[in-house]
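# Structural overview for review
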Amino acid sequence: MLPPFDYFTYRKIRNQKQAERAARFASLPYPYHERITEDDKVIIDKPIQELVHDIQSSHTSPLTVLRTYGKIAVKAQERTNCVTELLLPEAESWLESDVNLKGPLAGIPVSLKDSVHVKGFDTSLGYSALANQPVAEDGPMTRLLKDAGAVPYAKTALPITLLSFESANGLWGHCRNPHVPDYSPGGSTGGEAALLAQGGRIGIGSDVAGSVRVPAAWSGIYSLRCSTGRWPKVGVNTSMPGQEGVPSVFSPMARTLNDLTYFTKAIIGMQPWKYDYTVHPISWREDLEDEAQSKSLRIGLMTTDGVVPPTPAIERALSTTVAALTAAGHSVTEIRPPTNADPFTGLNLASQLLNSDGCHHFNVNLRSFEPSDPGASQLSSIAHLPRPLRYLYYLYVRYIRRDTVLATLIKDFGPKSSAALWTLVAQRESFRATWHKWWDAAPQQYDFILCPVNATPALPHKAMHDAVSSCGYTFLWNLLDYSAGVLPVGHVDATRDALVTPYKTALKRLGCDHSVARGAWKHYDAAKMAGLPTAVQVVGRRWQEEQVLGYMAAVERALEEYKDPETGSSCRYDLLEVD
């Protein structure tokens, strides 16, 4: 149907899909609608390896486990609107035929970002144009999971365009943060993070600029950004097919670090390169994980990305982690990134690579007046300006508004020719080589880099209109293709984390009074954010997933042993209570 009349098609499909989802939840057998029992909580809290043992020894029924997590999905959906496609009725039948209950994930329910192919279900990505097109076969990732014994039971929310730290689209609506519903759970794997925070077990998301790490930080769970080729990635839909300037990677997410480590190890132990040609045949290296968490560590500290300084709540989480690591006997030293490959240079380069198509592909499936993401709309507006007008806009921002940061990001942002893209890829490789040489040289030689995940805790819905470019703390490591993990530290405190001056004054004092920083900080309000999680990021080098998980264990142990000097209590993170 031609625009603008396809708007009515969008509304029809939206209403149909939401009605179908509601009907599937309502028609679930009565056990899924019962309250969470003490027996359910035992299953939810039991370490994953023990639960697998109980299932394989017939001590616990896999159907009982599935129904426990089905209850979680029902309650999580009511609170946060985190589920797109509910797989539970089919999951019960898969237990009898498709799932290998002798595998390392025997009977463990797994949730999946909406983009993963599951036979018989849509992979709409939130676009009405991609709805009502159920895939004919499980993708390689889903087949691998079933062969490992895992049971897919839900597909979860994401933002339209998949290019946002929000998780909302016109097809399914807004996914809400489980801690403070007026805030985003993160994106683009926000539905996954929301479900896991509310009691889900393990899940899979994708990350091109922070899309498993920011949701983990904003929802209070754990995630690992794998380097390219370490985790399966085919058998999915994407909003940006063919985009390889900053490759998207699929990666694991979990409610606990123990589950994250076990899950990652189990999938790599399944030899995923036999399912997916993009995966490198790198077996799990147990000795590297053990060594990483059993020695005195030399840690590089990156307190700021040089673009958006951390807000008080994030600064406190980072300083608490540094104090805990120091008390545990580890060495923490502030880093000085390479001067010719600094994080802002990386942000500008990565932004151009990621959007080298001029924002064409993530817009092509939108119907007339179908809501897009506010941040992606901002990017599209700049990319679609004719080159002379974009240059005039650059001059205005640079010399009239005197905002050199935003002006730099605007100047060359737009569609690229093949020749221009080749030049950018060459710059990416030079950038990576510079960091490789820098990390190897004295006095660096750090075991890992500790830094924020984002400058702010979770932001309110639609804040991406202002904060779309505040992604440097994660995007840098995508550009470098480094392994990076996220673990929660604490929660926003209305008093301890309050701004003592207006945010613009605070940014001026920090020398960061520009639009990108103001766009993120304008939404910072410790009183309204009270209770939202805070987190830190542990960054290793390329293909160091084992080491990063080991480093995360060392950081978590240090935090658990450290006493907050102000409260006298342990800094152990308290997961969201399942009720």
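In this numbering scheme, every chain counts its residues from 1 along its sequence in written order. Reporting in this predicted model follows two pLDDT cut-offs: at least 70 for local features of residues, and 80 or more for side-chain atom pairs to be given and counted; totals over whole chains, interfaces and linings ignore these cut-offs and use all residues. Note that water and hydrogens are dropped before the side-chain values are worked out from all heavy atoms of the structure.

This paragraph deals with helix α2 (residues 38-45). An α-helix turns once every 3.6 residues. As a result, residues three or four positions apart point the same way. Here the term buried applies to any residue with accessible area under 20% of the maximum for its type, exposed to any over 50%, and partly exposed to those in between, with areas from a 1.4 Å probe on protein chains only. Numbering goes from the N terminus for both helices and strands, where a helix is a DSSP run of H or I of at least four residues and a strand is a run of E of at least two. Regarding α2, the residues found buried are D40, I43 and I44. Projection of α2 onto a plane perpendicular to its axis shows the buried side chains occupying an angular sector of 100°, all on one side. In α2, the exposed positions that point more than 90 degrees away from the buried face belong to E38, D39 and D45. In the core, the buried residues of α2 are packed alongside α3 (48-56) and α4 (62-80). The reported arc concerns the directions from the helix axis to the C-beta atoms and nothing else. Contacts are residue-level and defined by heavy atoms, with any inter-residue pair within 4.5 Å sufficient.

So, on to unusual backbone geometry. Trans peptide bonds make up the majority, and among non-glycine residues the majority have a negative phi. The residue after G187, namely S188, is reached through a cis peptide bond having omega 10°. Mapped onto the fold, S188 is located in the loop between β5 (173-174) and α7 (190-197). Each neighbour pair has its own omega, and for A442 with P443 the value is 5°, a cis peptide bond. Examined against the element boundaries, P443 turns out to sit in the loop between α16 (418-440) and β11 (448-451).

Attention shifts here to the sheet that holds strand β12 (residues 484-491). Strand pairing is assigned whenever DSSP detects at least two bridges linking the two strands. Strand order in this open sheet of eleven strands is β1-β3-β2-β6-β8-β7-β12-β13-β11-β9-β10, and the pairing throughout is mixed. Sheet topology places β1 (83-86) and β10 (331-334) at the edges, where each strand pairs with a single neighbour. On average, each strand axis in the sheet is tilted by 30° relative to the strand beside it, whichever way the strands run. Sheet topology note: the strand β7 (residues 222-225)/β12 ladder contains three bridges and is antiparallel. Note on β12: the bridge partner recorded for S223 is V486. Only C-alpha atoms enter the line fits that serve as axes; for helices the fit covers just the stretch in contact. Angles between N-to-C directions range over 0 to 180 degrees. The strands touched by helix α18 (residues 472-480) are β6 (202-207), β7, β11 and β13 (533-539); relative to β13, the strand with the most contacts, the crossing angle is about 25°.

In this section: the domain arrangement of the chain. Domain delimitation follows an automatic or database domain assignment. The assigned domain composition of the chain is domain 1 (20-282) and domain 2 (357-415). Centre-to-centre, using C-alpha coordinates, domain 1 lies 33 Å away from domain 2. Contacts between the two partners involve 14 residues from domain 1 and, on the opposite side, eleven residues from domain 2. Carbon and sulfur atoms supply 59% of the area buried between domain 1 and domain 2, which totals about 1100 Å² over both sides. Two parts placed together each lose some accessible area under a 1.4 Å probe, and the buried area is that loss summed for both.

This part takes up a nonpolar patch on the surface. A cluster of nonpolar side chains, Y396, Y399 and I400, forms an exposed patch at the surface whose accessible area comes to about 350 Å². On the secondary structure map, Y396 appears in helix α14 (residues 387-400). Each patch is built from salt-bridge-free residues with over 30% relative accessible area, joining like charges within 9 Å and nonpolar side chains (Val, Leu, Ile, Met, Phe, Trp, Tyr) within 5 Å. All accessible-area figures derive from a Shrake-Rupley calculation using a 1.4 Å probe, and residue coverage is judged against the displayed protein chains alone. Criterion for a salt bridge: a side-chain nitrogen of Lys or Arg within 4 Å of a carboxyl oxygen of Asp or Glu.

Let us look at the UniProt feature "active site" (unreviewed entry) in the chain. UniProt positions are given in the numbering used here, feature names are shortened, and annotations may be inferred rather than shown by experiment. According to UniProt, the "active site" (unreviewed entry) feature falls on K113, S188 and S211. For this annotated set, covering 99 residues, all C-alpha atoms fall within 10.8 Å of each other, a compact arrangement in space. When you line up the elements, K113 lands in strand β2 (residues 109-113). Since its relative accessible area comes to 0%, K113 is described here as buried. If we ignore the near neighbours within four places in the chain, the residues touching K113 are K155, T156, L158, L162, S188, T189, E192, I204, G205, S206 and S211. Structurally, S211 is set in the loop between β6 and α8 (213-219). Apart from the residues within four sequence positions on either side, S211 is in contact with K113, G187, S188, T189 and S206.

This part covers the pairing of β6. Most of β6 sits inside the fold, with six of its six residues counted as buried. Of the two faces of β6, both are covered, the one formed by I202, I204 and S206 as well as the one formed by G203, G205 and D207. One ladder, built from three bridges, connects β2 with β6; its direction is parallel. Within the sheet, the bridge partner assigned to L112 lies in β6 and is I204. Judged from the six bridges that link them, β6 and strand β8 (residues 249-254) form a sheet pairing that is antiparallel. The residue bridging I204 from the neighbouring strand is P252, located in β8.

Attention now moves to the environment of Q243. Inspection of the secondary structure assignment puts Q243 in the loop between β7 and β8. On a C-alpha basis, the gap between Q243 and Y10 in space is 26 Å, while along the polypeptide they are 233 residues apart.

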